[in-house]
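# Secondary and tertiary structure notes
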Amino acid sequence: MKPYAEVIGDPIAQSKSPAIHGFWIEKLGLDAEYRATRVESEGLAEYLADRQRDADWRGCNVTMPHKQAVLPLLDRLEPLAKRVGAVNTVIKAPDGKLVGRNTDVAGFLEPLADRLRDQHYFRMARVLGTGGAARAILAGLAKEGFTLVLAGRNPDKARALLDELDPEGEHHVASLDHFSEATDFAFDDREGCCDLVVNASPLGMCGQPSLVFDWSHAPPGSIAYDIVTDPVKTEFLKNARSAGFETIDGLSMLIGQAAVAFTHFFGVEPPREYDADLRERLGA
């Protein structure tokens with residue numbers, strides 16, 4: 001037997017995690033494996049108990065629908081995971097305890113790192129979507145000093161989410177429909193500011209309705225960031241580029257969060273110098 005980690009969810013066949021971790025294992029020549037395992041909601045507790053007894057198991061990435069359901073089944077939560085209220089990585093600690101972590105925050109912020117090192121007069125992010133993926137994004141952006149405008153189908157849900165994740169922040173809510181129609185709003189001089197527009201929803205994903213966003217709502221110099229990975233080149237990002245905005249695709253976050261998890265699983269950092277080759281393998 002050899003050490004292994006895996007990704008769990010239901011469904012799981014669409015996950016790109018085995019391709020990402022497998023690529024790094026191959027490049028490093030590790031005697032290890034990374035698998036994909038379908039785990040239904042009713043079998044989650046049994047799965048964790050079984051893996052905790054497995055000496056070769058190093059941990060797992062957690063995808064939908066288990067990111068919040070897994071919380072009460074773990075022995076410990078890292079502070080960030082507790083704050084976000086969601087776990088996407090479970091590690092078996094040296095003492096055998098199951099520890100819940102959230103690497104989505106680090107993964108989301110990674111492609112923004114150079115920008116966030118700068119000092120800004122003001123930071124604002126328009127975040128579209130109030131589902132599970134939005135939790136880590138909102139928590140990360142709030143920590144980095146962003147004023148948030150959270151848009152969802154249900155503004156009451158958006159307000160409750162902001163109040164939970166950053167109750168001291170002066171944030172705002174809006175309906176998704178607000179951003180679908182053109183605006184003639186005259187933005188202030190945005191020099192020295194950092195503006196983001198983030199699709200944190202599944203809209204625009206294969207098999208999902210399209211995301212309608214009119215780019216007149218984005219201040220000059222905004223960065224468009226879409227966490228959807230199938231397709232990588234979404235209509236949201238294509239339209240942003242056509243409107244002259246910088247873009248970040250969903251593989252950036254996916255690879256970034258996987259890199260943090262990989263180090264926890266296998267005790268070595270992944271070879272990020274091959275990111276371009278990895279993207280090619282993933283079909284980007």
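Summarised in this report is the structure supplied together with it.

Rules and cut-offs
- Residues numbered from 1 in each chain as written.
- Predicted model: local features only at pLDDT ≥ 70, side-chain atom pairs only at ≥ 80, totals over all residues.
- Heavy atoms only, no water.
- Helix = DSSP H or I, 4+ residues; strand = E, 2+ residues; numbered from the N terminus.
- Buried < 20%, exposed > 50% of the residue type's maximum accessible area, 1.4 Å probe, protein only.
- Contact = heavy atoms within 4.5 Å.
- Areas by Shrake-Rupley, 256 points an atom, 1.4 Å probe, with all protein chains shown as cover.
- Lys, Arg positive; Asp, Glu negative; His and termini not counted.
- Charge placed at Lys NZ, Arg CZ, Asp CG, Glu CD.
- Phe/Tyr/Trp six-rings, centres within 6.5 Å; stacked < 30°, edge-to-face > 60°.
- Lys NZ or Arg CZ within 6 Å of the ring centre and 35° of its normal.

## Points about the overall build of the chain
Check the secondary structure of the chain and you find ten helices and twelve strands. When its C-alpha atoms are laid out on the principal axes, the chain stretches across 65 × 40 × 40 Å. Evaluated residue by residue, the chain yields a buried proportion of 48% over its 284 residues. When contacts within the chain are restricted to residue pairs at least 6 apart in sequence, those whose partners lie at least 24 apart make up 67%. When the accessible surface of the chain is totalled, it reaches about 13400 Å², and 48% of it is carbon and sulfur. With 31 positive and 43 negative side-chain charges, the chain shows a separation of 4 Å between the mean positions of the two kinds.

## Thoughts on the side chain of Asn 199
Position of Asn 199 relative to the elements: it lies in strand S10 (residues 193-199). Once residues within four sequence positions are removed from consideration, Asn 199 is found in contact with Leu 128, Leu 211, Tyr 225, Asp 226, Ile 227, Val 228 and Phe 236.

## Let's talk about the packing of aromatic side chains
In this structure the tally under the stated criterion is twelve aromatic pairs. A network of ring pairs unites the aromatic residues Trp 24, Tyr 34, Phe 262, Phe 265 and Phe 266 as a single cluster. Geometry around Tyr 274 places Lys 27 over its ring, the cationic atom sitting 4.4 Å from the centre. The side chain of Arg 35 reaches across the aromatic face of Tyr 4, ending 3.8 Å from its centre.

## Some points on unusual backbone geometry
Omega for the bond connecting Asp 10 with Pro 11 falls within 30 degrees of zero, at 5 degrees, which places this linkage in the cis form. Note on placement: Pro 11 falls in the loop between strand S1 (4-9) and helix H1 (17-28). Looking along the chain, the bond that leaves Met 64 and enters Pro 65 is cis, with omega of 10 degrees. Tracing the sequence through the fold places Pro 65 in the loop between strand S3 (57-62) and strand S4 (76-77).

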